[in-house]
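Structural description and commentary
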Amino acid sequence: IKGSITILRHGAISSSSIREALAKNGLSDYFEVSDSVRFTSEKVSNVAPGQLIKHYSPNVPCFLVNVSRQCQQNELSQEEKATLAQSVIIDYGKRLSDYEQHVLAYRDLSVDGDASMAASSVFETLRWSERIQGATR
């Protein structure tokens, strides 16, 4: 009889990481790992936040920076500088560090590009970004 490990909610440890750990310790023949992640409609009341499709949404509009703009050496336009002057940058691996001098606030989730470190502080960092006076994005 095999034991069962079921992933109910995505987190820092993936199902493939669990499978790898089981295999590394000679236990993969004894356990079956499966995913059963489900989301609940936002219209349903009294549901834990982690079950909603929109788990956490900061009260400041968020944007992803296109990879073509990361670490770009081109001069910023006046419009871009004005936009950045009202912005908070949440970075990963120093990809946007060239823009730090132009923004209201800057924080790097992991200067070294450590995904586990970044994942452990992303929600706190989003909450931090909401507290920056004058931030519009």
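These notes cover the structure that comes with them.

Turning next to the overall build of the chain. Within the chain, the regular secondary structure consists of three helices and four strands. Put simply, the chain runs from its N terminus to its C terminus through helices and strands in the order β-α-β-α-β-β-α. Within the chain, residue pairs in contact and separated by at least 24 positions form 47% of the contacts whose partners lie at least 6 positions apart. When the accessible surface of the chain is totalled, it reaches about 10,000 Å², and 51% of it is carbon and sulfur.

Before going further, it helps to examine the environment of Leu 96. Tracing the chain through its elements places Leu 96 in the loop between strand S3 (88-91) and strand S4 (105-108). Distance in space between the C-alpha atoms of Leu 96 and Arg 107 is 9.9 Å, their sequence separation being 11 residues.

A surface patch of nonpolar side chains, about 280 Å² in accessible area, is lined by Leu 27, Tyr 30 and Phe 31. Here Leu 27 is to be found in the loop between helix H1 (15-24) and strand S2 (31-35).

What follows deals with the environment of Ile 13. For Ile 13, the position within the fold is in the loop between strand S1 (3-7) and H1. Looking at Ile 13, the relative accessible area reads 57%, which means it is exposed. Between the C-alpha atom of Ile 13 and that of Ser 116, which follows or precedes it by 103 residues, the distance is 9.1 Å.

Okay, the side chain of Ser 15 next. Along the chain, the position of Ser 15 falls in helix H1. Its relative accessible area of 12% is what places Ser 15 among the buried residues.

Leave glycine aside and you will find that most residues have negative phi; peptide bonds, for their part, are mostly trans. Despite not being glycine, Lys 94 has its phi angle at roughly 60°, a positive value. Summarising the element assignment, Lys 94 is placed in the loop between S3 and S4. Looking at Lys 94, the relative accessible area reads 44%, which means it is partly exposed.

Right, let's get into the packing of aromatic side chains. Within the structure shown, the criterion is met by zero aromatic pairs. When the ring centre of Trp 128 is taken as reference, the NZ or CZ atom of Arg 107 above it lies at 4.2 Å.

Criteria and thresholds
Residues numbered from 1 in each chain as written. Predicted model: local features only at pLDDT ≥ 70, side-chain atom pairs only at ≥ 80, totals over all residues. Heavy atoms only, no water. Helix = DSSP H or I, 4+ residues; strand = E, 2+ residues; numbered from the N terminus. Contact = heavy atoms within 4.5 Å. Areas by Shrake-Rupley, 256 points an atom, 1.4 Å probe, with all protein chains shown as cover. Patch = residues over 30% accessible without salt bridge, like charges linked within 9 Å, V, L, I, M, F, W, Y side chains within 5 Å. Salt bridge = Lys/Arg side-chain N within 4 Å of Asp/Glu carboxyl O. Buried < 20%, exposed > 50% of the residue type's maximum accessible area, 1.4 Å probe, protein only. Phe/Tyr/Trp six-rings, centres within 6.5 Å; stacked < 30°, edge-to-face > 60°. Lys NZ or Arg CZ within 6 Å of the ring centre and 35° of its normal.

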